[in-house]
Amino acid sequence: MAPRPSTYLPRLAAAAARALSVSARPNHPAPYPSPAATAPASSPHAFHAHLASVAPHLPSLLAALSRARAARLPLPPATRALAAAALLRHGRLPDALAHFSLLPDSDPTAPLPAPLCNSLLAALASSTGSLAHARKVLDRMLAGAVELDTVGFGVFIKAVSRKDGGLADVIWLVDVVGHQGSRINRSVAAAMVVDGMCREGRIEEAWHALEELRLHGWKPDFVAYRIVSEGFRAAGRVEEEGKILKQKRKLGVAPRKSEYGECMLALVSNRLVTEAKEMAEAVVLGDFPIDDDVLNVLVGSVSDIDVDGAAMFCKFMMEKGRFPSTEMLVRLCENLCKSKKGEEMWKIFSVLLEKGYCKNAKDYHLVVSFLGKAGKVREAYDVLKEVKRKRLEPDVSSYNALMEALCRDDLLRPAKKLWDEMFTSGCSPNLQTYNILITKFTEMGESEEVQQLFDHMFQKGVAPDVATYTSFISMLCQENKYEQALEIFKKSLAQDAEVASSVLSMFILALCKQGNFKVALTVMCSVPSGVENMNSHIIVLKNLTDIGEVEIAIEHLIWIRNNCSSNFQNIMNELMASLSTSASLQHVTKLIQYLHSHRLVDDADPWMKLMGNVYA
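Residues numbered from 1 in each chain as written. Predicted model: local features only at pLDDT ≥ 70, side-chain atom pairs only at ≥ 80, totals over all residues. Heavy atoms only, no water.

Novice: Requested: an account of the UniProt feature "repeat: PPR" (unreviewed entry) in the chain, with residues and values cited.
Specialist: The feature "repeat: PPR" (unreviewed entry), as given by UniProt, occupies residues 186–220, 360–394, 395–429, 430–464 and 465–499 in the numbering adopted here. For the annotated span residues 186–220, helix accounts for 77% and strand for 0% of the residues, and the straight-line distance between the end C-alpha atoms is 8 Å. Between the end C-alpha atoms of residues 360–394 there is a gap of 9 Å, over a span that is 74% helix and 0% strand. (UniProt positions renumbered as here; feature names shortened; annotations may be inferred. Helix = DSSP H or I, 4+ residues; strand = E, 2+ residues; numbered from the N terminus.)

What follows is the structure, encoded as structure tokens:
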């Protein structure tokens with residue numbers, strides 16, 4: 001028996017939110033399983049347990065199935081169904097269908113699982129060009145007496161209704177489903193049918209569908225009538241619109257928000273975000289009731305595919321005196337930034353600020369940072385002033401967000417003014433503040449400004465990081481101020497050996513780009529033993545070889561062998577590997593010949609074989 005809506009809705013909202021967090025972040029996979037989890041299973045039972053453990057992680061799932069196929073391991077129906085369901089959750093629709101197709105139809109011990117069947121039916125119906133496959137899945141469900149639900153049958157019948165002459169198919173389907181549709185909310189399904197027709201511009205057919213569905217026991221509710229009346233209103237047919245609204249009052253029934261809410265959350269959970277958005281549009285634009293948890297999930301999920309639609313749901317929520325959750329507001333704002341919808345974002349924040357959304361400095365920082373990212377610098381500055389008026393003491397992160405936006409737009413005078421305001425307000429800059437300004441001033445070639453900021457950091461006890469040093473040193477090298485660059489590098493040496501190692505690589509690369517190999521070699525020969533320098537040696541040697549200064553490269557190799565003997569072989573190995581990208585084979589050949597003559601490269605080395613082929 002299905003759980004009651006009062007307990008089912010929050011659980012389904014949580015499930016939809018979890019599904020959303022996975023589908024919206026494809027570049028952040030789940031952690032890899034342990035080595036034991038990836039070991040091949042020796043029996044079907046053991047493989048089933050193994051497959052269940054790796055199912056959340058797609059690469060491991062695919063690898064496990066590939067190993068089973070190579071080993072010709074027989075998969076019981078339960079394992080085949082598990083594979084299909086897992087692949088479907090990862091959006092691998094063809095693979096899921098392939099495994100589903102191998103499930104037996106007439107096995108009383110392993111009937112077709114209803115959740116998998118309904119999810120697959122909906123996914124196929126939603127996918128372009130897959131309606132024929134969806135029909136085959138439905139046929140198997142009907143033949144196997146598999147119970148249909150609102151999501152599976154609703155998405156399928158909506159796809160059918162969008163085809164030419166879809167009404168006849170729709171009426172035939174609702175009659176065929178019969179008792180297997182006891183879990184289908186018929187009013188919701190009716191709304192999906194007419195919505196599909198109206199989206200294709202077939203408003204007369206949708207109007208006729210209202211009456212036909214009602215006569216066949218699928219009574220349309222106010223949402224369905226409203227969808228059709230809006231279709232006629234948009235077409236300028238006011239008289240028909242009025243007739244439909246009269247029919248709504250006479251024949252329709254009030255929609256239950258829990259039923260629509262459950263359906264929308266289930267759609268999101270099944271990655272059918274477009275279908276959830278279209279249903280939500282009918283509910284929201286019709287001003288029908290909808291729960292906050294449903295709206296929150298919609299704001300987050302829909303923003304990934306239609307940021308304007310998500311903004312509309314957010315505004316609807318705010319008009320009702322409610323606020324989106326912080327998590328969903330952040331996701332919406334991230335997508336507004338990606339879509340360059342700064343003005344739309346400011347409209348949303350204006351309403352939030354007016355309605356008292358911001359209670360503390362953290363809330364204000366969210367507003368300031370996103371306005372900065374969206375390029376709404378003046379608005380972000382006004383919000384920052386409001387924070388000061390309320391004596392909330394803005395955090396340095398808010399200043400940094402605005403500072404970054406100002407520098408990104410080359411607004412250096414306002415950036416300097418904001419810098420002064422920070423000290424006036426008693427807010428000390430941190431490393432990020434200095435790096436934002438130093439990076440910008442190095443881009444502009446303002447070496448004096450950079451030096452002042454660099455010195456100021458030490459005065460305030462803020463330790464530079466690799467980014468600080470590399471920005472400054474790169475600029476100095478471009479300006480041929482090598483002695484000053486060397487002094488800055490020495491400061492990194494005095495600060496931290498690990499930082500100095502990273503700075504050294506960049507310093508040497510910058511010197512090589514300027515063609516100043518003399519300074520580069522001098523620096524390399526003076527680096528203390530505690531600083532990791534293998535990568536820097538390779539940079540020098542590779543660049544010398546590329547420009548034909550092979551003799552100097554050889555001299556430096558001799559120096560390395562005499563002074564860094566413990567690391568010499570590692571440097572040689574990395575150098576040989578790097579030569580494959582060299583600009584001149586002639587220079588590489590000269591270097592290899594020398595190394596071979598001094599027995600630093602043996603006859604079995606790949607380079608020697610390559611040279612032999614070239615000579616041949």
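Novice: Break down the packing of helix H8 (residues 150–161) against helix H14 (residues 257–269) for me, citing the residues and quoting the values.
Specialist: The axes of two packed helices give the description: the angle between them and the distance between them. Between H8 and H14, whose axes approach to 10 Å, the crossing angle comes to 80°. Viewed along their axes, H8 and H14 adopt a mutual orientation that is roughly perpendicular. Residue-level contacts link Thr-150, Val-151 and Val-155 of H8 to Cys-263, Ala-266 and Leu-267 of H14. A per-class count over the contact of H8 with H14 returns five nonpolar, one polar and no charged. (Axes fitted to C-alpha atoms, helices over the stretch in contact; angles between N-to-C directions. Parallel < 35°, antiparallel > 145°, perpendicular 65-115°, else oblique. Contact = heavy atoms within 4.5 Å. Nonpolar A, V, L, I, M, F, W, Y, C, P; charged D, E, K, R; others polar.)

Novice: Account for the environment of Met-444, with residues named and values stated.
Specialist: Tracing the backbone shows Met-444 in the loop between helix H24 (431–443) and helix H25 (447–459). Residue Met-444 is classed as partly exposed on the basis of its relative accessible area of 42%. Sequence separation of Met-444 and Asp-410 is 34 residues, and the distance between their C-alpha atoms is 9.3 Å. (Buried < 20%, exposed > 50% of the residue type's maximum accessible area, 1.4 Å probe, protein only.)

Novice: Break down the nonpolar core for me, with residues and values.
Specialist: Phe-349 and Ile-508 are the most contacted members of the largest nonpolar core, which totals 204 residues. The biggest single contributor to this core is helix H28 (residues 497–513), with 10 residues. Setting aside residues up to four positions removed in sequence, Ile-508 forms contacts with Ala-520, Val-523, Met-524, Ser-536, Ile-539 and Val-540. (Core = buried A, V, L, I, M, F, W, Y, C linked by side-chain atoms within 4.5 Å.)

Novice: Go over the packing of H24 against H25 with me, naming the residues and quoting the values.
Specialist: Axis separation between H24 and H25 bottoms out at 9 Å; the angle between their running directions is 165°. Accordingly, the angle class assigned to the pair H24 and H25 is roughly antiparallel. Crossing angle aside, the handedness with which H24 passes H25 is left-handed. For the pair H24 and H25, contact is made by Leu-431, Tyr-434, Leu-437, Ile-438, Phe-441 and Thr-442 and by Glu-449, Val-450, Leu-453, Phe-454, His-456 and Met-457, respectively. Per-class residue counts for the contact of H24 with H25 are nine nonpolar, two polar and one charged. (Left-handed = near helix turned anticlockwise from the far one by under 90°.)

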